[in-house]
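The lines below spell out each chain.
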Amino acid sequence: METSKMVSTCTPEVAQVTHVFDILGYSKHRGMGNDASSHILSRVFTVGGHDWAILFYPDGYSKECQDHISVYLELLSKGTKVRASCDLRLVDQCTRLSSSVHKTGPRIFSSEDTSAFAPSTGKFKRRSEIENSTYLRDDRLTILCVVAVFEKPHVTGTKSFPRIDMPPSDMTEHVGRLLEEKEGFDVSFSVGGETVEAHRFVFAMRSPVFKAELYGPMREARKGGRITIEDMQPAVFRALLHFIYTDSLPRKHLEGDDNTEMIRLLLVAADRYAMERLKLVCQSILCEHLKVDNVATTLALADQHSCGKLKDACLEFIEMSDAMDAVVATQGFKDLIVTCPSLVVDALEKRRQFRKA
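Reading the values: rules and limits
- Residues numbered from 1 in each chain as written.
- Predicted model: local features only at pLDDT ≥ 70, side-chain atom pairs only at ≥ 80, totals over all residues.
- Heavy atoms only, no water.
- Helix = DSSP H or I, 4+ residues; strand = E, 2+ residues; numbered from the N terminus.
- Buried < 20%, exposed > 50% of the residue type's maximum accessible area, 1.4 Å probe, protein only.
- Contact = heavy atoms within 4.5 Å.
- Areas by Shrake-Rupley, 256 points an atom, 1.4 Å probe, with all protein chains shown as cover.
- Lys, Arg positive; Asp, Glu negative; His and termini not counted.
- Charge placed at Lys NZ, Arg CZ, Asp CG, Glu CD.
- Core = buried A, V, L, I, M, F, W, Y, C linked by side-chain atoms within 4.5 Å.
- Pairing = 2+ DSSP bridges.
- Axes fitted to C-alpha atoms, helices over the stretch in contact; angles between N-to-C directions.
- Expected span 1.5 Å × (residues − 1).
- Arc of directions from axis to C-beta.
- Salt bridge = Lys/Arg side-chain N within 4 Å of Asp/Glu carboxyl O.

**With respect to the overall build of the chain**
Here is step 1: Each helix and strand counted, the chain has twelve helices and 18 strands in total.
Here is step 2: When the backbone C-alpha atoms are referred to their principal axes, the chain occupies close to 120 × 65 × 35 Å.
Here is step 3: Within the chain, the fraction of its 357 residues that count as buried is 42%.
Here is step 4: Contacts in the chain between residues at least 24 apart in sequence constitute 65% of all its contacts with a sequence separation of at least 6.
Here is step 5: As displayed, the chain offers around 20,500 Å² of accessible surface, 51% of which is attributable to carbon and sulfur atoms.
Here is step 6: The averaged location of the 49 negative side-chain charges in the chain is 6 Å from the averaged location of its 46 positive side-chain charges.

Right under this line is the structure:
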């Protein structure tokens, strides 16, 4: 299945302004009182299309804050909600470097309620700390406010992520070429009077049985030796050889019904040499070619060689067949009654249950 990766990018849209509020004659602003109107308002400045100002309370916002100065940022634009952050800082009069005192957000500022102000505390900085520090020199205090307004994020259009297609495996092509080029053979097999040469490591790689015969303690042939294959036709062994090198069957064995017997023999060979993939390939082909006249024979073969999937397919075929009399009349079914009556019982019971349903 072809897969692809798509990508889109979300980028925050931020408008940021730094406003410097210089309080000259700091000491002369003392004694204004602690009520809500006892403050000095900076000039209005605009960030992200919204108006803001800094409020400075020399004596603190309330009696609870009378030992502190109070500093706030206020959203002045009416009927407005905006997502923003602020950083209120004090500037060292000697180094001109600033230090953060209170940070807020990002959060929603609403001009309709107290969220229009930041920070939430009136205790900005204890007065004694300011008056005994380099924040205050020549009766000058400098407040620096960094305001950032966050607009709706900008999302780029979806586009395909760069990809390089993975090439298909060509390993079987290279291994198959070893057989075609007929070089480096180091073992031979005698099959029905014919001699077939091959590579030991390829056979050992594809079959644990061949691996034991070629490299195990009971190995039948050393380098350059010969292994005799009993009870197998040369044509079947050549088809087995082709699968071992190419992981596929010769095309002539995959087309038409005339090759069913060859596929049966290959399934027996696959079971003999523990080649499970070939065994499943043969089961698949035999399943596609199930007929009334061969289902009983195929069922017996599947049971004999522990082919569970093929066995189930045969039983389902018999279960759904409208020609049960024809199946029973085949020689394969008659042989099945003699050699494996339990399979016949299973087949008839499945058919009875299917008809009952």
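**What to know about the nonpolar core**
Here is step 1: One finds F189, F203, F210 and F237 to be the most contacted residues of the largest nonpolar core, which totals 53 residues.
Here is step 2: For this core, the leading source of residues is helix α5 (residues 234-246), giving eight residues.
Here is step 3: Ignoring any residue separated from it by four or fewer positions in sequence, one finds F189 in contact with E194, T195, V196, A198, F203, F210, R226, I227, I229 and F237.
Here is step 4: One finds L88, F109, A118 and F124 within the second-largest nonpolar core, a separate group that totals 29 residues.

**Notes on the pairing of strand β7 (residues 68-75)**
Here is step 1: Summarising burial for β7: eight of the eight residues are buried, a large majority.
Here is step 2: Both faces of β7 are covered, namely the face carrying H68, S70, Y72 and E74 and the face carrying I69, V71, L73 and L75.
Here is step 3: Bridge analysis of strand β6 (residues 50-57) against β7 gives six bridges, and the strand direction is antiparallel. Counted as the bridge partner of W52 is L75 from β7.
Here is step 4: In terms of strand pairing, β7 meets strand β11 (residues 125-126) through two bridges, oriented antiparallel. Within the sheet, the bridge partner assigned to I69 lies in β11 and is K125.
Here is step 5: Bridge count for β7 against strand β10 (residues 117-118) is two bridges, and the pairing is antiparallel. Bridge assignment links L73 to a residue of β10, and that residue is A118.

**Structural notes on the sheet that holds strand β18 (residues 226-229)**
Here is step 1: The three strands are arranged β17-β16-β18 in an open sheet whose pairing can be described as mixed. Looking along the sheet, the strands with just one partner apiece sit at the ends: β17 (194-198) and β18. For this sheet, the mean inter-axis angle between neighbouring strands, taken without regard to orientation, is 25 degrees.
Here is step 2: Direction of pairing for strand β16 (residues 187-191) relative to β18: parallel, over a ladder of four bridges. Pairing of V191 across the sheet is with I229, part of β18.

**Brief notes about helix α7 (residues 276-288)**
One turn of the α-helix equals 3.6 residues, which is why residues spaced by three or four share an orientation.
Here is step 1: The terminal C-alpha atoms of α7 lie 19 Å apart, and with 13 residues this matches the ideal 18 Å at 1.5 Å per residue to within 8%.
Here is step 2: For α7, every residue scored as buried is listed here: L278, K279, C282, Q283, I285 and L286. On an axial view of α7, the arc spanned by its buried residues comes to 165 degrees, and they lie on one face.
Here is step 3: In this structure, the buried residues of α7 make contact with α5, α6 (260-272), α8 (295-304) and α9 (308-320).

**Overview of the pattern of salt bridges**
Here is step 1: This model, assessed by the stated rule, comprises twelve salt bridges.
Here is step 2: We note a salt bridge from E129 to K125, for which the minimum N-O separation is 3.6 Å.
Here is step 3: Judged by its relative accessible area of 42%, E129 falls in the partly exposed class.
Here is step 4: A salt bridge links R264 to E261; the shortest N-O distance between them is 3.9 Å.

**Remarks on α8**
Here is step 1: Listed in full, the buried residues belonging to α8 are V295, A296, T298, L299, L301 and A302.
Here is step 2: Within two residues after α8, S306 carries a phi angle of roughly 55 degrees, on the positive side.

**Regarding unusual backbone geometry**
Here is step 1: Here the amide bond leading from G105 into P106 is cis, since omega sits at 10 degrees, within 30 degrees of zero.
Here is step 2: Within the secondary structure, P106 sits in strand β9 (residues 98-110).
Here is step 3: Look at R96: it is not a glycine, yet its phi comes out positive at around 65 degrees.
Here is step 4: Of note, R96 is situated in the loop between β8 (81-91) and β9.
Here is step 5: Relative accessible area serves as the criterion here: at 42%, R96 is assigned to the partly exposed category.

**Quick look at the side chain of Q283**
Here is step 1: Inspection of the secondary structure assignment puts Q283 in helix α7.
Here is step 2: Those residues in contact with Q283, other than ones at most four positions away along the chain, are L267, C307, G308, K309 and L310.

**Side note on the side chain of T104**
Here is step 1: The topology assignment puts T104 in strand β9.
Here is step 2: Setting aside its immediate chain neighbours within four residues, T104 contacts S85, C86, F109, A118 and P119.

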